Amino acid sequence: MGPEHSVEVTQMGYEFWPDALEVCLRYAADRVKVPIYITESGIATDNDARRVEYIQRSLEGALRAIAGGIDVRGYIHWSLLDNFEWIFGYRPKFGLVSVDRTTQQRKTSNRVAHYLGEIARQKIACSNPASIG
């Protein structure tokens, strides 16, 4: 079936839907009463602005879930480096650090790296995302 025709999709063909993280947290918390660790939250794209927006909106949703009493204890972004996806090979770009497959050179996305780094330094998530960047 797949996403509707007019919906923005990622390089994996998934909908660009950062609100999905909050929905998943609430779904899981309704079914199991254990602490939740977010271990793979990310987006396949070459567009740093879309990656930052995805992270920002995902984390805002996680904060709403936490404010609602859900015990979220950690967040790990997927992925540090561009990786190999079994179905799609090296085409999707999940990494905060891109990898040139010819030279194996790595290039950090300053915008995304600074955004996540500032969140980590402040020990908060997205309280004022407009000031980060």
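Below, the structure is looked at part by part. Everything quoted here is computed from the prediction, not taken from an experiment.

### Re the packing of aromatic side chains
Applying the stated criterion across every chain yields a total of three aromatic pairs. Their ring planes at 65 degrees and their centres at 5.5 Å tell us that Phe16 and Tyr54 sit as a pair that is edge-to-face. Note that Phe16 is positioned in the segment before helix H1 (20-31) and Tyr54 in helix H2 (residues 48-67), a separation of 38 residues in sequence. Comparing Phe16 with Tyr54 shows no difference in burial state: the two are buried. Here the aromatic cluster, defined as three or more aromatic residues joined through ring pairs, consists of Phe84, Trp86 and Tyr90. Between Arg31 and the ring centre of Tyr27, over which it is positioned, the NZ or CZ distance is 3.6 Å. Across the ring face of Phe16, the terminal group of Arg50 is positioned such that the distance to the ring centre comes to 3.9 Å.

### Re the pattern of salt bridges
Pairing between side chains of opposite charge can happen when their charged atoms approach one another. A full pass over the atoms with the stated rule returns eight salt bridges. One salt bridge in this structure joins Arg50 and Glu8, with 2.5 Å as the shortest N-O distance. Here Glu8 lies in the segment before H1 and Arg50 lies in helix H2, a separation of 42 residues in the sequence. Classification of Glu8 by relative accessible area gives partly exposed; the value is 38%.

### Re the nonpolar core
Listed in full, the nine residues of the largest apolar core are Leu21, Leu25, Ala29, Ile36, Ile38, Ala62, Ala65, Ile70 and Val72. When contributions to this core are tallied by element, the ones reaching two or more residues are H1, strand E1 (36-41) and H2. Counting residues per element, this core draws most heavily on H1, which supplies three residues. Once residues within four sequence positions are removed from consideration, Ala29 is found in contact with Ile36 and Ile70.

### Section: helix H3 (residues 110-122)
With 13 residues, H3 should cover 18 Å at 1.5 Å per step; its first-to-last C-alpha distance of 18 Å lies within 8% of that length. Among all positions in H3, only Val112, Tyr115, Leu116, Gly117 and Ile119 are buried. On its buried face, H3 is in contact with H2 and strand E2 (72-77).

### Notes on the environment of Ile36
Among the structural elements, Ile36 can be located in strand E1. Along the chain, Ile36 and Lys107 lie 71 residues apart, while their C-alpha atoms are 32 Å from each other. In this view, Ile36 contacts Leu25, Ala28, Ala29, Ile70, Asp71, Val72, Arg73 and Gly74; residues no more than four positions away in its chain are not counted.

### A short note on the side chain of Thr45
With respect to the helices and strands, the residue Thr45 is situated in the loop between E1 and H2. In this structure Thr45 comes out as buried when scored by relative accessible area, which is 13%. Once residues within four sequence positions are removed from consideration, Thr45 is found in contact with Gln11, Arg50, Arg51 and Lys93.

### Let's talk about the environment of Ala20
Considering the arrangement of structural elements, one finds Ala20 in helix H1. The exposure class of Ala20 is buried, given its relative accessible area of 17%.

Here is what the cut-offs are and how they apply
Residues numbered from 1 in each chain as written. Predicted model: local features only at pLDDT ≥ 70, side-chain atom pairs only at ≥ 80, totals over all residues. Heavy atoms only, no water. Phe/Tyr/Trp six-rings, centres within 6.5 Å; stacked < 30°, edge-to-face > 60°. Helix = DSSP H or I, 4+ residues; strand = E, 2+ residues; numbered from the N terminus. Buried < 20%, exposed > 50% of the residue type's maximum accessible area, 1.4 Å probe, protein only. Lys NZ or Arg CZ within 6 Å of the ring centre and 35° of its normal. Salt bridge = Lys/Arg side-chain N within 4 Å of Asp/Glu carboxyl O. Core = buried A, V, L, I, M, F, W, Y, C linked by side-chain atoms within 4.5 Å. Contact = heavy atoms within 4.5 Å. Expected span 1.5 Å × (residues − 1).

Any link to function would need more than the numbers given here.
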